[in-house]
Amino acid sequence: MMRLRGVFLTSENPEVAARFYAQVAQLPMEKVGVEGGYIYWRMDRDGMQLVIHDAKAFADYTHPALPESNLTHLYFSIEDQSRFLAHLKNCGLMPYATDDVVITVVDPDGRKLMFGTA
């Protein structure tokens with residue numbers, strides 16, 4: 001049986017992106033690899049991974065990053081919009097867009113991330 005194992009993101013500055021996901025999405029990002037070698041950041045929960053790789057080191061076709069891409073959207077489940085808006089304010093971030101279900105924010109690489117109650 002096939003199952004989705006993870007989502008790989010590439011970033012021009014993966015360390016900054018990992019800090020963003022740890023702070024805003026409250027995902028525990030772990031630095032993997034050794035200094036001087038290949039390093040990436042990973043969150044592994046219940047057999048599902050979110051991984052952030054350096055765009056230039058990952059593959060020829062992932063660099064340069066294309067921040068205006070509208071092909072990928074990550075969706076995170078939240079319980080309460082007002083509480084999440086307060087969290088964003090504490091992080092010093094403004095939403096990109098908000099409706100009655102979804103709050104959209106932009107990550108350091110320009111990806112639109114949706115945080116919703118549905």
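Scroll up to find the structure this text is about.
Calculation notes
Residues numbered from 1 in each chain as written. Predicted model: local features only at pLDDT ≥ 70, side-chain atom pairs only at ≥ 80, totals over all residues. Heavy atoms only, no water. Helix = DSSP H or I, 4+ residues; strand = E, 2+ residues; numbered from the N terminus. Buried < 20%, exposed > 50% of the residue type's maximum accessible area, 1.4 Å probe, protein only. Contact = heavy atoms within 4.5 Å. Areas by Shrake-Rupley, 256 points an atom, 1.4 Å probe, with all protein chains shown as cover. Lys, Arg positive; Asp, Glu negative; His and termini not counted. Charge placed at Lys NZ, Arg CZ, Asp CG, Glu CD. Salt bridge = Lys/Arg side-chain N within 4 Å of Asp/Glu carboxyl O. Patch = residues over 30% accessible without salt bridge, like charges linked within 9 Å, V, L, I, M, F, W, Y side chains within 5 Å. Phe/Tyr/Trp six-rings, centres within 6.5 Å; stacked < 30°, edge-to-face > 60°. Lys NZ or Arg CZ within 6 Å of the ring centre and 35° of its normal.

1. Brief notes about the overall build of the protein chain
(1) Moving on: A count of helical and extended segments in the protein chain gives three helices and eight strands.
(2) Moving on: The N-to-C order of helical and strand elements in the protein chain reads β-α-β-β-β-α-β-α-β-β-β.
(3) Moving on: Its C-alpha atoms put the protein chain at 45 × 35 × 25 Å along the principal axes.
(4) Moving on: Here the protein chain, with 118 residues, has 38% of them falling under the buried criterion.
(5) Moving on: Long-range contacts, defined here as pairs at least 24 residues apart, represent 54% of the contacts in the protein chain between residues at least 6 apart.
(6) Moving on: Accessible surface for the protein chain amounts to roughly 7,600 Å². Of this, 54% is attributable to carbon and sulfur atoms.
(7) Moving on: Taking the average place of the 11 positive charges on the side chains of the protein chain and the average place of its 15 negative ones, the gap between the two points comes to 3 Å.

2. Focus: the pattern of salt bridges
(1) Moving on: Summed over all chains, the structure comprises seven salt bridges.
(2) Moving on: Arginine 19 serves as the salt-bridge partner of glutamate 15, at 3.7 Å between the closest nitrogen and oxygen. With a gap of four residues between them, glutamate 15 and arginine 19 both fall in helix 1 (residues 14-24), about one helical turn apart.
(3) Moving on: On the basis of relative accessibility, which here comes to 40%, the residue glutamate 15 falls in the partly exposed class.
(4) Moving on: With a shortest N-O distance of 3.1 Å, arginine 42 and glutamate 30 are connected by a salt bridge. You can see arginine 42 sitting in strand 3 (residues 39-45) and its partner glutamate 30 sitting in strand 2 (residues 30-33), a full 12 residues away along the chain.

3. Re a nonpolar patch on the surface
(1) Moving on: Taken together, the side chains of Phe8, Tyr38, Phe58 and Tyr61 define a hydrophobic patch exposed on the protein surface, amounting to about 470 Å² of accessible area.
(2) Moving on: By relative accessible area, phenylalanine 58 is classed as partly exposed at 30%.

4. What about the packing of aromatic side chains?
(1) Moving on: Per the stated rule, a full pass over the model turns up five aromatic pairs.
(2) Moving on: On the basis of an interplanar angle of 15 degrees and a centroid distance of 4.9 Å, the ring pair of phenylalanine 76 and phenylalanine 115 is categorised as stacked. A residue pair is termed long-range when its members are at least 10 positions apart, and phenylalanine 76 in strand 5 (residues 74-77) and phenylalanine 115 in strand 8 (residues 112-116) qualify at 39 residues. Phenylalanine 115 matches phenylalanine 76 in its accessibility class, with the two residues each being buried.
(3) Moving on: Put simply, the rings of Phe76, Phe84 and Phe115 touch in pairs and so form one group of aromatic residues.
(4) Moving on: Over the ring of tyrosine 96 we find lysine 112, and its NZ or CZ is 5.0 Å from the ring centre.

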